[in-house]
Amino acid sequence: MNFEFTEEQQAIFDMAKAFGEEHIAPYASQWEHEGTIPRSLLKQVGELGLAGIYVSEEHGGSGLTRLDAVLVFEALSMACPAVAAFISIHNMCAWMIDQYGSDEMKTNWLPQLCSFDKVASYCLTEPGSGSDAAALRTKAELKGEQYVLNGTKAFISGGNYSDLYVVMCRTGEDGPKGISTVLVEAGTEGLSFGAFEKKMGWKAQPTTQVQFDDCAIPAANLLGNEGKGFSYAMSGLDGGRLNIAAAALGGAQTALDKSVAYAAERKAFGKTIDQFQSLQFRLADMEMRMQAARALLFKAASKLDNKTHDATKFCAMAKRFVTDIAFDVANDALQIHGGYGYLEDYGIEKIVRDLRVHKILEGTNEIMSMITARALMAENR
């Protein structure tokens, strides 16, 4: 097993990192205060081929691997986890259309999504169904040549900002087998949005409820087959969980790097604080945990690329382990900075706020433990 990047992987990582340093990091605080991400930035991301990372080249994507993708999102999130995660969600939607959409759907949407001319949002969570996603109640009734949607989605990144909404909705019986996936275009009559949410972190991402009130869409907007929507959503989440873990890892890496630099400059009791053994031990522990998290993340991505039978379990384990470690490392970094870590100017408190939600979304870390335990028990039956 080779633990080193290939020349191509190193180039991908370096390109994404350099882009983030130049085009994202200097403006991350401003975008957080404005509560939005400029479309002009997303267009630049599209020009780099990072809006359809694992979409097939045939439809305008980059055709890269899941391992390549986690390198991209770790690198971008070193500049801003909120922006990197937003790009990740868009990529998940584009992949779902590439994987399950009709030829017409792919032709109509993928070139625009892969260039970031259009932005996509993923709509699964509802006010009454978070972790129990299969209990969703948003309904789509087939009436002639149209589906008519009624219901509400919650916590949607890109709500009232995106051009396309990939919506999981109920077309049949209760439970996962009654769920389908449809595409709803911005501007469709009956589509509306709640107020922008006021959040602890990820403030640069516009987030709202997405509401459907007799929202009629063409029947051709069905993604794949009726009753398969839940499985489509879950397959998208395997990769989404890796990307969210990678985005947490990148943010934590920046926090660790800032801590090492700060400790070498900050003086107390006549010497720089990096000379104190207790702080050296803390930094060493942060580095070891980061390296362990990165190793599990890369292994999970490799398994998803190779479609191994245990890929879902490893994606769940990586999501839980990496996001837990990343938040703890960022929190330790704030402690090392002392009172300065609590100030906006140093950039640490933003990382802590941004990374906290990574333990919740794409399936809470408690759900990741449940997935892991069930897979483990099934393997031993």
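That block above? That's the structure.
Treat the numbers as computed from the prediction; the structure is a model and nothing was measured.

We now examine the packing of aromatic side chains. Applying the stated criterion to the full structure yields 10 aromatic pairs. Note on Tyr100 and Tyr232: the rings are 4.0 Å apart at their centroids and 20 degrees apart in plane angle, and the pair reads as stacked. Of this pair, Tyr100 sits in helix α5 (residues 81–100) while Tyr232 sits in helix α7 (residues 229–265); the two residues are 132 residues apart in sequence, bridging distant segments of the chain. What makes Tyr100 partly exposed here is its relative accessible area of 22%. The exposure class assigned to Tyr232 is buried, which follows from its relative accessible area of 7%. Pairing Phe269 with Phe276 gives two aromatic rings, centres 6.5 Å apart and planes at 85 degrees, and the pair type is edge-to-face. On the basis of relative accessibility, which here comes to 83%, the residue Phe269 falls in the exposed class. Looking at Phe276, the relative accessible area reads 24%, which means it is partly exposed. Taken together, the ring pairs connect Phe5, Phe13 and Phe298 into an aromatic cluster. If you follow Arg39 out to its NZ or CZ, it ends over the ring of Tyr161, 4.6 Å from the centre. Over the ring of Phe327 we find Arg356; its NZ or CZ atom is 5.8 Å from the centre of that ring.

A full pass over the atoms with the stated rule returns 14 salt bridges. Notably, a salt bridge pairs Arg289 with Asp332, separated by 2.7 Å at the nearest N-O pair. Of the two residues, Arg289 is situated in helix α8 (residues 277–305) and Asp332 in helix α9 (residues 311–337); the sequence distance between them amounts to 43 residues. Exposure remark for Arg289: the relative accessible area of 18% places this residue in the buried category.

Note that Ala216 resides in strand β7 (residues 207–218). A residue is classified by how much of its surface remains accessible, and Ala216, at 28% relative accessible area, is partly exposed. Residues Ala216 and Glu145 lie 71 residues apart in sequence; the distance between their C-alpha atoms is 9.7 Å. Sequence-distant contacts of Ala216, that is, excluding residues within four places in its chain, are made with Gln146, Tyr147, Val148, Thr188 and Glu189.

Let us now look at the environment of Asp117. By the secondary structure assignment, Asp117 is in the loop between α6 (103–114) and β1 (120–123). Sequence spacing of Asp117 and Gly190 is 73 residues, and the spatial spacing of their C-alpha atoms is 24 Å. For Asp117, the residues in contact, after removing those within four places along its chain, are Arg39, Lys43, Gln112 and Asp163. A polar contact of 2.9 Å, which involves the side chain of Asp117, links it to the side chain of Ser115.

Below, the discussion takes up the layout of surface pockets. In this structure, the largest pocket occupies an estimated 1100 Å³ of space. Lining the largest pocket are 40 residues, and of these Thr125, Ile360, Leu361, Glu362 and Gly363 lie nearest its centre. Only α5, β3 (146–157), α7, α10 (348–356) and α11 (365–379) provide two or more residues apiece to the lining of the largest pocket. With 6 residues, α7 is the largest single contributor of residues to the lining of the largest pocket. Within the lining of the largest pocket, the residues separate by chemical class into 21 nonpolar, 10 polar and 9 charged. When its volume is computed, the second largest pocket comes out at roughly 570 Å³. Elements with a minimum of two residues in the lining of the second largest pocket: α1 (7–24), α4 (66–77) and α8. Its residues assigned to classes, the lining of the second largest pocket shows 6 nonpolar, 8 polar and 6 charged.

What follows concerns the side chain of Lys153. Within the secondary structure, Lys153 sits in strand β3. A distance of 3.1 Å separates a polar side-chain atom of Lys153 from the backbone oxygen of Leu124.

A few words now on the packing of α1 against helix α3 (residues 39–47). Interaxial distance between α1 and α3 falls to 12 Å at its minimum, and their mutual angle equals 160 degrees. By the angle class used here, α1 and α3 are roughly antiparallel. Crossing geometry of α1 relative to α3 is assigned as right-handed. Residues Phe19, His23 and Ile24 of α1 touch α3, and the partners they reach there are Leu41, Gln44 and Val45. Taken together, the residues of the contact of α1 with α3 break down into 4 nonpolar, 2 polar and no charged.

This part takes up the pairing of strand β2 (residues 139–143). Strand direction decides the pairing type here: β2 and β3, joined by 5 bridges, are antiparallel. In the strand pairing of β3, Glu141 is matched with Val148. Once β2 ends, the chain turns through 2 residues before running back antiparallel as β3, passing Gly144 with a positive phi of about 65 degrees.

Bringing the nonpolar core into the picture now. Most often, soluble globular proteins have nonpolar side chains that are buried together. With 108 residues, the main nonpolar core has Ile24, Leu76, Tyr122, Leu242 and Leu297 as its most contacted residues. Per-element accounting of this core gives the leading share, 16 residues, to α7. For Leu76, the contacting residues outside a window of four places in its chain are Ala16, Phe19, Ile24, Ala84 and Ile87.

What counts, and at which threshold
Residues numbered from 1 in each chain as written. Predicted model: local features only at pLDDT ≥ 70, side-chain atom pairs only at ≥ 80, totals over all residues. Heavy atoms only, no water. Phe/Tyr/Trp six-rings, centres within 6.5 Å; stacked < 30°, edge-to-face > 60°. Helix = DSSP H or I, 4+ residues; strand = E, 2+ residues; numbered from the N terminus. Buried < 20%, exposed > 50% of the residue type's maximum accessible area, 1.4 Å probe, protein only. Lys NZ or Arg CZ within 6 Å of the ring centre and 35° of its normal. Salt bridge = Lys/Arg side-chain N within 4 Å of Asp/Glu carboxyl O. Contact = heavy atoms within 4.5 Å. Polar contact = N/O pair within 3.5 Å; in protein donor to acceptor, adjacent residues only side chain to side chain. 1 Å grid on protein atoms, 1.4 Å probe; cavity = no way out; pocket = protein on both sides within 12 Å on 5 of 7 lines; lining within 4 Å. Points joined across faces, edges and corners; volume = space filled by probe spheres on them. Nonpolar A, V, L, I, M, F, W, Y, C, P; charged D, E, K, R; others polar. Axes fitted to C-alpha atoms, helices over the stretch in contact; angles between N-to-C directions. Parallel < 35°, antiparallel > 145°, perpendicular 65-115°, else oblique. Left-handed = near helix turned anticlockwise from the far one by under 90°. Pairing = 2+ DSSP bridges. Core = buried A, V, L, I, M, F, W, Y, C linked by side-chain atoms within 4.5 Å.

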